[in-house]
Structure formats: C-alpha cells, structure tokens
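What the coordinates show
Below, each chain spelled out in residue letters.
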Amino acid sequence: MEENAQVDRQPETGAGLPGRLLARAFFDAPPQLVAPRLLGKVLAHRTGAGLLAGRIVEAEAYLGPHSDPPDPAAHAHRGPTPRNCVLFGPAGHAYVYTIYGRYFCMNVSCEAEGRAGCVLLRALEPLAGTEVAQMARNRGLAPGDLTAAGLVRQLASGPGRLCQALGLTRRLHNGLDLANPASPLQIRDDGYAVTEVLATARIGIREAVDWPLRFVLPGNRCVSGAKIAIGKRVLL
DNA sequence: AGGCCGATCCTCT
DNA sequence: GAGGATCGGCCTA
C-alpha cells in the first residue's frame, strides 16, 4: 500500500526488502513465545547475488540456563563459552554455529542481555520474487529443477539446508544484528497472516526430547520431517 | 593434550 | 531405515 512510498523516502533502511523490519522488542521475550511468533515472518539476506529470502515455517525454542527447569538440549545450558557467547548478549542477534563439521545452523537470540534463550530456524519457504535460482545453486541444485514438483521443498527445509540456501556461515554471519536496518541479514514482517501454529517435540536432540518446543505452520509444504505432523495447537 | 560427539544431510538398500 | 562424511569445541585427565 503506502509502503512503497515510505521505502522510497528511506532507501537505506529497506530498499528492495519486503515489509517492515522487526523491532528488537519483538525478540526480547522468552524463546517459547518468540518461536511461534516468528512463523510467517521473512528471513532476508542481502547479497551480491541479490536478495535471498524465505518465509519461516518451522522453528524451535531452546531455553536459557536461567529457566526452570534448565533446558539440557540448549547450547547455552552450561553457561557462556566462546562458541555460544552471542546468546548471552542482547536479543535479536544471529547465532550461527557449525554442526557435524559440514553444515551451519542459525538461531535468533532472545531475551535481555544475560539470558541466553534462542530460537533455531529450521525451515523456510522460499519467497517469490527473490533470487530463488541462486538459492538452488547454493544448494547444489540446478535451477531448472525447481519446476519439478516437490523440489521447492529441498531448498530450505532443514536447518542446514536453510543456511546453505541463503549462504549463511559462522564466519560471516555469527553475531549479526537482525534488528538493524543496515544489516545484510534481517527478519521482516510482510503482513502474511498466520492462522494456526502447531507445537511438537524437537528434532535431532537426545535430552528433553518430549518438550513441545518445535513450532510449525501446519500443512506448509516446506516444513521438514513430515513424519512429525502431530502436535498441539498454539494460541498466539 | 586428547578423545568424543553433535540442534545434519545425502546416499544406498 | 541405516550409515558415513567431517571437524570445531567442550569436557576430562
């Protein structure tokens, strides 16, 4: 609507980006509340190859060591280390780490400084109008394959795939401020309306496996691990 | 100083 | 459905 006009007046804050930037206050809340609210929002990465962006359709909350009971599956569980120190900083920053020596995973830090809750971004639905072909190349897929049914799902359905598609690495992106209009990596609200969120058990962990801290947009084609479709409704 | 092991993905049966 | 790739970081000694 009027958004285009506003973008033209402030090109440095949102030129070419969909919707509006999420404020830091959005992230300054416990992760089990931030995670479901992040569904439907857009993760946007500005690169030399254009805008790589997708809608968040799956996310997991990891609780900080201050929580009761503490979350034994969280990286911050045993307190700050060189790897996880971003989580103990202010909310709204990217925590990107290496997993299995080959892949990266991206989290969003939550809560005030000193509290290390976070949200793992597990799956995106590629956003129409962005450089989807580049995301496919980043994933080692031929852009032509995208026309085939089911292959959109291969782009960013999974935390490692998500980072690969958007070109996110620990070296370049860990610690970036997601709520800064000058940042190449942002989370934005393009007005997409979420009607229903399901909570399920988290994936790929050994501790606290039955805590219902994984949140999905039910029925979305890009949600990972289709086996775990059962879950409880979440009130937003 | 060294060993262990993952908030994963892909391939093969 | 199972197993291998692959390595930085964290824990223990």
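As a starting point, this report considers the structure included with it. Computed from a predicted structure; not experimentally measured. (Residues numbered from 1 in each chain as written. Chains lettered and ligands numbered in written order. Predicted model: local features only at pLDDT ≥ 70, side-chain atom pairs only at ≥ 80, totals over all residues. Heavy atoms only, no water.)

**Here we look at the packing of aromatic side chains**
On inspection of all chains with the given rule, the structure shows two aromatic pairs. With 5.3 Å between their ring centres and 75° between their planes, Phe26 and Phe27 make a pair best called edge-to-face. Each member of the pair, Phe26 together with Phe27, is buried. Between Tyr95 and Tyr97 the ring centres are 5.4 Å apart and the planes differ by 25°, which places this aromatic pair in the stacked class. Here Tyr95 and Tyr97 have matching classes, each one buried. (Phe/Tyr/Trp six-rings, centres within 6.5 Å; stacked < 30°, edge-to-face > 60°. Buried < 20%, exposed > 50% of the residue type's maximum accessible area, 1.4 Å probe, protein only.)

**Overview of the environment of Ala133**
Looking at the secondary structure, you find Ala133 in helix 5 (residues 132–138). In sequence terms Ala133 and Tyr103 are 30 residues apart; their C-alpha atoms lie 21 Å from each other. For Ala133, the residues in contact, after removing those within four places along its chain, are Pro143 and Leu146. (Helix = DSSP H or I, 4+ residues; strand = E, 2+ residues; numbered from the N terminus. Contact = heavy atoms within 4.5 Å.)

**So, the protein's contact with DNA strand B**
Contacts to DNA strand B come from 20 residues, most closely from His75, Asn107, Arg139, Gly160 and Arg161. Taking Gly158, its main chain carries an N or O atom lying 3.5 Å from a phosphate oxygen of DNA strand B. Residue assignment for the surface near DNA strand B shows that the elements contributing at least two residues are strand 4 (94–99), strand 5 (103–109), strand 6 (118–126) and helix 7 (159–166). Tallied by class, the residues present in the surface near DNA strand B amount to eleven nonpolar, five polar and four charged. (Near = heavy atom within 4 Å. Polar contact = N/O pair within 3.5 Å; in protein donor to acceptor, adjacent residues only side chain to side chain. Nonpolar A, V, L, I, M, F, W, Y, C, P; charged D, E, K, R; others polar.)

**Let's talk about unusual backbone geometry**
In this structure, the amide linkage connecting Asp68 to the following residue, Pro69, adopts the cis form with an omega of 0°. The residue Pro69 is located in the loop between strand 3 (50–62) and strand 4 in this model.

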